[in-house]
Each structure stands twice: as structure tokens, then as C-alpha cells.
Amino acid sequence: MNSGAASWRPDAMTLEEKRALLAAAYGHGQAITKLIVIGESDAALNAYVEKSPEIVQSSSEHGTRLTFAELVYWDITLDTDRVVRGYSQSGYHPLMECLGIDFSGAPYVEGD
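Note that the structure is a prediction, hence the values are computed from the model and not measured.

Caption draft 1: A look at the sheet that holds strand 1 (residues 55-60). Strands sit in the order 1-2-3-4 across an open sheet of 4 strands; the sheet is antiparallel. Where the open sheet ends on each side, the last strands, each with one partner, are strand 1 and strand 4 (84-90). The sheet shows a mean angle of 20° between the axes of neighbouring strands, taken without regard to direction. Looking at chain direction, strand 1 and strand 2 (residues 63-68) are connected through 6 bridges and run antiparallel.

Below, the structure is given as C-alpha cells:
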């Protein structure tokens with residue numbers, strides 16, 4: 001189980017690093033979503049987390065939580081036999097806001 005995450009500072013990141021972080025979040029989201037199968041064991045998720053040190057796994061009230069970049073997370077509800085019963089995901093919007101992406105709908109102005 002991964003229990004620690006590398007700290008990151010958006011103000012110290014280049015545009016390319018920010019893009020890479022967003023791409024990594026999206027990639028992990030795609031992979032995790034495919035591995036969350038209602039009615040199946042969480043074994044595949046655990047194997048993915050073991051190979052992904054940037055994903056932090058922690059216990060939650062109803063199962064487990066996977067976290068990426070301290071903001072994007074997946075809450076996975078498990079029964080007593082570690083069978084997936086449900087899940088929720090959140091945090092992409094806060095991650096993008098933290099990276100300075102404007103959600104106001106205003107036109108992009110270089111330098112803002």
C-alpha cells in the first residue's frame with residue numbers, strides 16, 4: 001500500500017510539467033476506472049497501486065481511497081470480502097484550478 005506522496009508546488013512548475021501532471025491524472029483516472037468493476041475483487045486495483053508510487057492508498061470509512069497529486073481521488077466502497085460495491089471520483093477541477101486553469105469561460109489571455 002502506498003502511503004506517501006511527493007509534494008508538488010504549482011508555482012515552481014513549468015507549463016510542460018503542469019501538462020504532464022494533468023496527463024498523468026487523466027491516465028490514472030482512465031486506468032483506475034477500468035479496474036473498478038462492481039461485484040469483483042479489488043485485487044486488480046491493489047496491483048495497479050503497487051506499480052504506481054504516485055498513487056496513495058488509504059483506508060476510508062467504507063473501503064479504500066486512492067489519491068493522486070493530493071487532490072484527485074477515487075473512493076471505492078468495498079464489502080467485508082473486498083468486493084467492489086461502488087465508487088466515486090473527484091478532484092480534477094480543484095487540480096486544474098491549483099495549476100492556474102481558468103474555469104470562468106473568459107477568453108484566454110496570455111500572461112494571465
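Caption draft 2: Main features of the environment of Ser-88. Considering the arrangement of structural elements, one finds Ser-88 in strand 4. Apart from residues no more than four positions distant in its own chain, Ser-88 is found in contact with Tyr-73, Trp-74 and Asp-75.

Caption draft 3: Region of interest: the packing of helix 1 (residues 15-35) against helix 2 (residues 43-50). Across the interface, helix 1 lies against helix 2 with an axial gap of 9 Å and an inter-helix angle of 155°. It follows that helix 1 is roughly antiparallel to helix 2 by the angle criterion. On helix 2, the residues that touch Gly-27, His-28, Ala-31, Ile-32 and Leu-35 of helix 1 are Ala-44, Leu-45 and Tyr-48. Split into classes, the residues belonging to the contact of helix 1 with helix 2 amount to 6 nonpolar, 2 polar and no charged.

Caption draft 4: The environment of Ile-36, seen in detail. Relative to the assigned elements, Ile-36 resides in the loop between helix 1 and helix 2. Exposure remark for Ile-36: the relative accessible area of 8% places this residue in the buried category. When the C-alpha atoms of Ile-36 and Trp-74 are compared, they prove to be 9.8 Å apart, with 38 residues separating the residues in sequence. When neighbours within four sequence positions are excluded, Ile-36 is seen to be in contact with Leu-45, Ile-76, Val-84 and Tyr-87.

Caption draft 5: Summary view of the pattern of salt bridges. Counted under the stated rule, the structure contains 4 salt bridges. Here Arg-82 and Asp-42 are joined by a salt bridge, their closest N and O atoms 2.6 Å apart. With Arg-82 in the loop between strand 3 (72-78) and strand 4 and Asp-42 in the loop between helix 1 and helix 2, this residue pair connects regions lying 40 residues apart in the sequence. A residue is classified by how much of its surface remains accessible, and Arg-82, at 37% relative accessible area, is partly exposed. Put simply, Arg-65 and Asp-75 hold a salt bridge, and the shortest N to O gap is 2.6 Å. Here Asp-75 lies in strand 3 and Arg-65 lies in strand 2, a separation of 10 residues in the sequence. Judged by its relative accessible area of 28%, Arg-65 falls in the partly exposed class.

Reading guide: rules and limits
Counting of residues starts from 1 at the beginning of each chain's written sequence and follows it residue by residue. A pLDDT threshold of at least 70 governs which residues receive local features in this predicted model, and a stricter bar of 80 or more applies before side-chain atom pairs are shown or counted, although totals over entire chains, interfaces and linings include all residues. To obtain the side-chain values, all non-hydrogen atoms of the structure were included, while hydrogens and water were left out. Strand pairing requires that DSSP identify at least two bridges connecting the strands. Think of it this way: any DSSP run of H or I at least four residues long counts as a helix, any run of E at least two long counts as a strand, and we number them from the N terminus. Only C-alpha atoms enter the line fits that serve as axes; for helices the fit covers just the stretch in contact. Angles between N-to-C directions range over 0 to 180 degrees. It only takes one pair of heavy atoms within 4.5 Å for two residues to be counted as in contact. Relative orientations are named as follows: roughly parallel for angles under 35 degrees, roughly antiparallel for angles over 145 degrees, roughly perpendicular for angles from 65 to 115 degrees, and oblique for any other angle. Each residue is assigned to one class: nonpolar for Ala, Val, Leu, Ile, Met, Phe, Trp, Tyr, Cys and Pro, charged for Asp, Glu, Lys and Arg, and polar for all the others, Gly among them. Throughout, exposure labels follow a simple rule: accessible area from a 1.4 Å probe, protein chains only, divided by the maximum for the residue type, with under 20% read as buried, over 50% as exposed, and the rest as partly exposed. Each reported salt bridge corresponds to a side-chain nitrogen of Lys or Arg within 4 Å of a carboxyl oxygen of Asp or Glu.

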